[in-house]
Amino acid sequence: MFRLRRDTKYIVIIGIIVISVYLGLKRSNIKNVFIQSKVIMDTSVAQKMFESSSNIKKIKMTYNVKDLADINSLLVGFLEYEDTSAKYSDSKSSYHLLVFEFHNTYYSEIMTKLRQVNGLDTENIRSASTIMFSADIEESLKNNQLAKKRVQELINKSTSDETISRLRLQLEKIQTKIDSLKNQNETQKYNSEYDLVMLTAVKQVSAGGLKKSLKVFVLTTFVVLITLIIGLIIFYYITILLIRLMAAMGIKTARGSASGYGYSYRRRPYGRKVKKIYKDKDGKTIKEE
């Protein structure tokens, strides 16, 4: 039988507990459950794109859902619609961020489906008025087209090369302005016909998942703890059995002189040893000590 110091026993006990808890945490994956409770995502790119766009109607929607699969499949279906396109997408296991554009003929259908998704947290719709802006463009375009027509008539009637050259230069400037106004008109028309959506969906931590992870953690830690204790007990008795077997076979453990086994130490008196001599009456030595 061998003995362990108290400090060593404490180290063994703490080691068993640490190993059990570590294996319990690793198997239960409980750490990831708590990490998912705080989702960190960068929305700066999507936000900048959303704010800088000139779409007349812009919609921002946020979700806190139990499962991203439903909303992901819904968004994939939307992107298959004609005249629908994704402007920005960022998807992870814990969130989905999408900025997409669709023709307003699908507005009622898409918005109805999005509002029916469980976990809708916020919905914000911004619509800008374009009546005055569109009227100004149309009026300016009409005036420049009339000016172009008048200049063209003057060119046709003029006989002076110098005048014709000056009128043609003026005509080019008017045409450039007309092209610019047409582009603005087309852009305005596009922005009024297409709506922009910024959608953010975050996966929430379910109570069931946390409960399951805690159950696995407790069960794994307990099983590992019991297994290690039983393993140490078995190891202890196997070691004792081997020591006794070696003793029965005549195999002895080597002992150093420093161990002190088989030696007796006596405290020696301090000072000089005095020799005693005993003599008889005639002076002869009888005994010496």
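Notes on the structure in this doc start here. (Residues numbered from 1 in each chain as written. Predicted model: local features only at pLDDT ≥ 70, side-chain atom pairs only at ≥ 80, totals over all residues. Heavy atoms only, no water.)

With the rule as written, the count across this model stands at six aromatic pairs. Measuring from centroid to centroid gives 5.0 Å for tyrosine 81 and tyrosine 106, while their planes differ by 45°, and the two rings are tilted. On the criterion of sequence distance, the pair formed by tyrosine 81 in the loop between helix H4 (68-79) and strand E2 (85-91) and tyrosine 106 in the loop between strand E3 (95-103) and helix H5 (107-115) is long-range, its members being 25 residues apart. Between the aromatic rings of tyrosine 190 and tyrosine 194, the centroid separation amounts to 4.3 Å while the plane-to-plane angle is 20°, which identifies the pairing as stacked. The class of tyrosine 190 is partly exposed, set by a relative accessible area of 35%. Three or more aromatic residues joined by ring pairs make a cluster, and in this case those are Phe78, Tyr81, Phe100, Phe102 and Tyr106. The residue whose ring lies beneath lysine 57 is tyrosine 107, and the NZ or CZ to ring-centre distance is 4.2 Å. Above the face of the phenylalanine 50 ring, lysine 58 is positioned so that its terminal group lies 5.4 Å from the ring centre. (Phe/Tyr/Trp six-rings, centres within 6.5 Å; stacked < 30°, edge-to-face > 60°. Helix = DSSP H or I, 4+ residues; strand = E, 2+ residues; numbered from the N terminus. Buried < 20%, exposed > 50% of the residue type's maximum accessible area, 1.4 Å probe, protein only. Lys NZ or Arg CZ within 6 Å of the ring centre and 35° of its normal.)

Attention now moves to the sheet that holds strand E4 (residues 120-127). Spatially, the five strands line up as an open sheet ordered E2-E3-E5-E1-E4, and their pairing is mixed. Two strands lie at the open edges of the sheet, namely E2 and E4, each paired on one side alone. Going from strand to strand, the sheet's axes swing by 10° on average, the running direction of each strand aside. Summarising the sheet, E3 and strand E5 (residues 194-203) pair through nine bridges and their orientation is antiparallel. Directly across from glutamate 101, in E5, lies its bridge partner leucine 196. Across the sheet, H4 lies against strand E1 (57-65), E2, E3 and E5, angled at about 25° from E3, the strand it touches most. (Pairing = 2+ DSSP bridges. Axes fitted to C-alpha atoms, helices over the stretch in contact; angles between N-to-C directions. Contact = heavy atoms within 4.5 Å.)

Here we come to the pattern of salt bridges. Using the criterion set out here, one finds five salt bridges in the structure. In this structure, glutamate 109 engages lysine 113 in a salt bridge whose closest nitrogen and oxygen atoms are separated by 3.5 Å. Pair noted here: glutamate 109 and lysine 113 are both in helix H5, with a separation of four residues, about one helical turn. Residue lysine 113 is classed as partly exposed on the basis of its relative accessible area of 33%. Residues glutamate 123 and arginine 115 are paired through a salt bridge, measuring 2.7 Å at the closest nitrogen-oxygen approach. A relative accessible area of 41% places arginine 115 in the partly exposed class. (Salt bridge = Lys/Arg side-chain N within 4 Å of Asp/Glu carboxyl O.)

Of all the 10 residues making up E5, nine are buried; the element is thus mostly covered by neighbouring parts of the structure. Note that E1 and E5 share eight bridges and pair parallel. Residue pairing for E5: asparagine 64 is matched across the bridge by valine 202.

A few words now on helix H1 (residues 6-28). An α-helical turn contains 3.6 residues, so a residue and the one three or four places further along point in the same direction. The terminal C-alpha atoms of H1 lie 33 Å apart, and with 23 residues this matches the ideal 33 Å at 1.5 Å per residue to within 8%. Within H1, burial applies to Ile16, Ser20, Gly24 and Ser28. Positive phi shows up at asparagine 29, right after H1, with a value of about 60°. (Expected span 1.5 Å × (residues − 1).)

With 20 residues, the main nonpolar core has Tyr63, Ile71, Leu75, Phe78, Phe100, Leu114 and Leu199 as its most contacted residues. Elements with a minimum of two residues in this core: E1, H4, E3, H5 and E5. The element that contributes the greatest number of residues to this core is H4, accounting for five residues. In contact with phenylalanine 100, not counting residues within four places along its chain, are Leu75, Phe78, Leu79, Thr84, Ser85, Ala86, Lys87, Asp195, Leu196 and Val197. The next biggest cluster of nonpolar side chains, apart from the first, holds 10 residues, and it includes Leu141, Ala147, Val151 and Leu181. (Core = buried A, V, L, I, M, F, W, Y, C linked by side-chain atoms within 4.5 Å.)

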